[in-house]
Amino acid sequence: MAAVVLIGSQWGDEGKGKITDFLAEKANVVVRYQGGNNAGHTVVANGEEFKLHLIPSGILYENKTCVIGNGVVIDPKVLLEELDYLAERGIKTGKLLISSNAQVIMPYHMVLDGLEEEARGEHKIGTTKRGIGPAYMDKASRIGIRIIDLLDKEEFAEKLRRNLVEKNNLFVKVYGKEALKFEDIYETYLGYAERIRPMVTDSSLAIDTSIRAGEKVLFEGAQGTLLDIDHGTYPYVTSSHPIAGGACIGAGVGPTRINRVIGVIKAYTTRVGEGPFPTELLDKTGEEMRANGHEFGTTTGRARRCGWFDAVIARYAARVSGLSDFAVTKLDVLTGLDKLKICVGYRVNEEIITEFPQSQKIFKQCQPVYEELPGWQEDLTHVRRFEDLPKAAQNYVLRIETLTGVPATLVAIGPGREQTIVRGEIF
Ligand code: IMP
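An unreviewed UniProt entry lists the protein under the name Adenylosuccinate synthetase, from Desulfosporosinus metallidurans. Taken directly from UniProt, the Sequence similarities (unreviewed entry) text for the protein runs: "Belongs to the adenylosuccinate synthetase family." Check the Catalytic activity (unreviewed entry) section of the UniProt entry for the protein; it says "IMP + L-aspartate + GTP = N(6)-(1,2-dicarboxyethyl)-AMP + GDP + phosphate + 2 H(+)".

### Describing helix α8 (residues 203-212)
Along α8, the residues that are buried comprise Ser203, Ile207, Ser210 and Ile211. One side of α8 holds all its buried residues, which, seen down the axis, span an arc of 100°. Residues of α8 that are exposed and point more than 90 degrees away from the buried face comprise Leu205 and Arg212. Capping of α8 at its N-terminal end is provided by aspartate 202; its side-chain oxygen lies 3.3 Å from the backbone amide nitrogen of serine 204. Backbone geometry just after α8 places glycine 214 at a positive phi near 85°.

### Considering unusual backbone geometry
The linkage connecting tyrosine 234 with the following residue, proline 235, adopts the cis geometry, with an omega of 10°. Position of proline 235 relative to the elements: it lies in the loop between β10 (216-220) and α9 (245-251).

### Let's talk about the domain arrangement of the protein
Domain parsing of the protein yields domain 1 (2-99 + 199-261), domain 2 (103-196) and domain 3 (265-422). A C-alpha centroid distance of 24 Å is found between domain 1 and domain 2. On the domain 2 side, the residues contacting the 26 residues of domain 1 number 20 residues. Counting the surface domain 1 buries against domain 2, the share from its top three residues, Val73, Pro76 and Leu80, is 28%. Applying the counting rule to domain 1 against domain 2 returns 1 salt bridge. A salt bridge links arginine 195 to aspartate 84, with the nearest nitrogen and oxygen atoms 2.9 Å apart.

What counts, and at which threshold
Residues numbered from 1 in each chain as written. Predicted model: local features only at pLDDT ≥ 70, side-chain atom pairs only at ≥ 80, totals over all residues. Heavy atoms only, no water. UniProt positions renumbered as here; feature names shortened; annotations may be inferred. Buried < 20%, exposed > 50% of the residue type's maximum accessible area, 1.4 Å probe, protein only. Helix = DSSP H or I, 4+ residues; strand = E, 2+ residues; numbered from the N terminus. Arc of directions from axis to C-beta. Polar contact = N/O pair within 3.5 Å; in protein donor to acceptor, adjacent residues only side chain to side chain. Domains from an automatic or database assignment. Contact = heavy atoms within 4.5 Å. Buried area = accessible area lost by both parts, 1.4 Å probe. Salt bridge = Lys/Arg side-chain N within 4 Å of Asp/Glu carboxyl O.

Here you go:
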């Protein structure tokens, strides 16, 4: 019996898709548990690049059951497009299960996401405008439409009508925009429902059955710790729970079933959207990281902000998710830099703090306290054993372990499946 949760330890984009893909080889079941198509996973499998947003990366292997759990918000149009995209590329998608309790992203959620961002002006969050926040708002307001509602014509019609009254009031009276029409949405979404219907199930039960049968289950987090709505850099966060606890809620599994929690962490730091970022580099080194690491969003194409590794964030991620292991990614991107910096604390006014601050006002004032390590010039992408890495690269990883108290069990030195150094068993 093995259930492993894999999460992002920074602000998302840590390379979770690649590590999920690597671990999925040994898993029987791969589960998405939160977020929606705000996520973007780039996976290189057998030399081919795949970009996924909603469907678990495990889909690229034949015979893996993939599950979209109840905690995910699903844009059915995007889901079906992704299924078509995979089918066109010869990937079988017959073993995809969808939770009947997952929430549906409706057209008014996307409209609202855009309008709210515009209204925030200089306080904008920098959302992906995929309707994620408004869909989770409706879930919390208990007016959301679940997948199971979509499969029932009468239920769907009734809930859609009620929602449109409320949303159109907002669109017309507050934002001075046009109202959305019931007819324009209803038939289209019923069409989506018919394609989705065969995949819909009680996914919590399906996962539990697999765990009890001794199968290996991998829970694939989207976004990252600092985008968690409770534990992240609020309000510059997403509307779900990317931390490990989110897997229990978003998939319907109890915490006692989870055996291991892997935190995927990039060898440096990136962030998209707005908000403070103490180790951000606005110079040539930051530009080099962006260019060498291809740091442009899979979902929105936005350039990611880049900076040095932040061990305060790494330790915080280890704490709030109870990490048992790190998977350090993109170590190869740091090749060529003379000196590397790791942030080990923050200076706030005259004080040095070493724990992640609760207050965003304080986080905004944090100046990084760095320690310097020597860099390396050798290409890492062909290395397959840790001891074959240049000494400076080994020391960099070992320093991360010491600063966080978490072993770096996996180290990625390129995007390919085989470009992963394994220092211990996961499954
Ligand atoms: P939302 O999830 O679209 O509401 O966006 C809220 C914040 O989360 C914004 O700063 C986004 O840039 C960020 N975000 C959402 N999904 C991702 C992701 O997959 N990677 C990195 N940032 C993300």
